[in-house]
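Working through the structure, step by step
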Amino acid sequence: MSPLEHRYRRLLRLLPPEHRAARGEEFLGLLLDLDDGRTRPSARQALGLIGLAIRLRLTWLPATGSVLFSAFLVAYGTMGIGNLIDDYTGGYLSNDMPMVRHVTPGLLVPGLVQLGTAVAWILGARRIALAVEIGGLAYFIVEPMAADLVMLFFDLALICLLGVAVRRHWTTPRPRSLWLAAVVLAVLAWKGIGAWGRHGIYYPVLPPRVGWILAAVAAAIAVGLARRRRPPVIVVAALIGVAAGRILPPVALQLAYGQYGGWLTTITVGTAILVSGGMLLTGRLPDRPDRPVLSGSAGDGTGA
Amino acid sequence: MDSLSEQAFLVLAALADQPRHGYALVTEVATMSEGRVHLRASTLYAVLERLTGRELVEHDHDEVDNGRLRRFYRLTDAGAAAIRTETERMTTQARAAKRRLARRDAQAAPRFGVAG
């Protein structure tokens, strides 16, 4: 086997197994013909192959995306109601209740709008979900008590996302009963988070020393992966490892508990895992498309 | 029928006279486009995937040459019809563009005997 063939065979492993089995040898023959006389794959062919592998491997995205999107809507849709229930069941002292009751309508309406959006989406009424969310945004604008600039932008972003989802015909994977059960659990989760927060348990913070240890571990892994490369490549891999090890864990913690979405991420991921597990147990996991999705112009073929 | 991309059209046209394998398609497309379009292997397979899916192209036979598998493709009747339709569309458009260019040239020509 020539060095070129050896290297192309290694690159072809990037393709999904079913595609490699069907077209791998044919593809290899063409690549060897096009790069005849070389010992290493040309950058042009190698990059094209990597791009194709990424496109083919992303065919699972629509199914996973719709699960994640629905899980996000469940998490977001139950936040308001969950928090409100928590307010009434321990968030405030009984002598604060008159004031809480006074502001309840201003909190209940957005909460119901969020919940309505999620439930409508789960039941397949996608346009109604979009309409409810737009109605909620209108309420935010006209009701000063509920007005919150961050929530306003958040809702606007969500409406755009819902618009895209409606246009692209995303649907909530069945069974719907799992999703409706997840709605109830998510409400309880929001209540539980409120109660947890009042009992002196604080959000985890990564100590700097742990951060540097993680950075060293990530750098060691990166160097190990690049050990057969040239020294400059190994140095770059080590730097990327340090950066990834130092930056990613704190960002992940912030995403889970902190400022970038807070618990919303945790409940979204939890819901997605729970429902996917339920679908797996009931044999209802969404299928991957039969054929690779390669539509649209393959725009890298023109010119140099 | 959906319109064809330039690459898909060139691949179909390259298969019009005889079945060809991947490498022959890449070189034929480069020749037909006078060196302007050089297909990558990945692009060619993306195009072939789409054309096979639309039943414009089908697998003809396989050959092994110098240890390399060469898969030949041939044009289907639907593929030949697609080339004809696309060619007529392009010819009509080119004719319309030429007419307008001729009109423009006529307007730009010096008009003798007209003052001011």
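Overview of the structure. Residues take numbers from 1 onward in each chain, read along the sequence in its written order. As a convention, the first chain written is A and the first ligand written is 1, with the rest following in written order. It should be noted that, the model being predicted, local features are given only for residues of pLDDT at least 70 and side-chain atom pairs only at 80 or more, the latter also being counted only at that level, while totals for whole chains, interfaces and linings use all residues.

Focus on the overall build of chain A
A count of helical and extended segments in chain A gives eleven helices and zero strands. Traced from its N-terminal end to its C-terminal end, chain A shows the element sequence α-α-α-α-α-α-α-α-α-α-α. Partly exposed residues are those whose C-beta has more than 12 but fewer than 20 other C-beta atoms within 10 Å; 20 or more makes a residue buried and 12 or fewer makes it exposed, with C-beta atoms placed from the backbone. Expressed as a percentage of the 304 residues in chain A, the buried residues total 27%. Placing C-beta atoms from the backbone, we regard two residues as in contact once those atoms come within 7 Å. Contacts in chain A between residues at least 24 apart in sequence constitute 73% of all its contacts with a sequence separation of at least 6. Secondary structure elements are taken from DSSP: a helix is a run of H or I of four residues or more, a strand is a run of E of two residues or more, and numbering for both begins at the N terminus.

Notes on the pairing of strand β2 (residues 57-65) of chain B
Residue and element names in this part refer to chain B. For two strands to be treated as a pair, DSSP must find no fewer than two bridges joining them. Here β2 runs beside strand β3 (residues 68-75); their pairing, made up of seven bridges, is antiparallel. In the sheet register, V57 faces β3, and the bridge partner there is L75. Hairpin connection, β2 to β3: the antiparallel pair is bridged by two residues, and N66 has positive phi, about 55°.

Focus on the sheet that holds strand β1 (residues 20-21) of chain B
On the basis of which strands lie adjacent, the open sheet formed by three strands has the order β1-β3-β2 (chain B) and antiparallel pairing. With partners counted over all chains shown, the strands left at the sheet margins are β1 and β2 of chain B, one partner each.

Re helix α3 (residues 43-57) of chain A
Helix span is expected to be 1.5 Å times the residue number reduced by one. Compared with the 21 Å implied by 1.5 Å per residue over 15 residues, the 21 Å span of α3(A) between its first and last C-alpha is a close match. For α3(A), the full list of buried residues reads A46(A), G48(A), L49(A), L52(A) and L56(A). For α3(A), the angular spread of buried residues about the axis comes to 160°, placing them on one side. Opposite the buried face of α3(A), by more than 90 degrees, sit the exposed residues A43(A) and I54(A). Of the surrounding secondary structure, the elements contacted by the buried residues of α3(A) are α1 (3-12) and α2 (17-34) of chain A together with α3 (41-53) of chain B. The arc in question is traced by the directions running from the helix axis to the C-beta atoms.

Thoughts on the interface of chain B and chain A
Of the residues lining the interface, 21 residues belong to chain B; the matching set on chain A comes to 25 residues. Where the side of chain B that touches chain A is concerned, the elements lending two or more residues are α2 (22-32), α3 and β3 of chain B. The element contributing the most residues to the side of chain B that touches chain A is α3(B), with nine residues. Under the convention adopted here, Pro, Cys and the residues Ala, Val, Leu, Ile, Met, Phe, Trp and Tyr are nonpolar, Asp, Glu, Lys and Arg are charged, and Gly plus all remaining residues are polar. Considered class by class, the residues forming the side of chain B that touches chain A number nine nonpolar, six polar and six charged.

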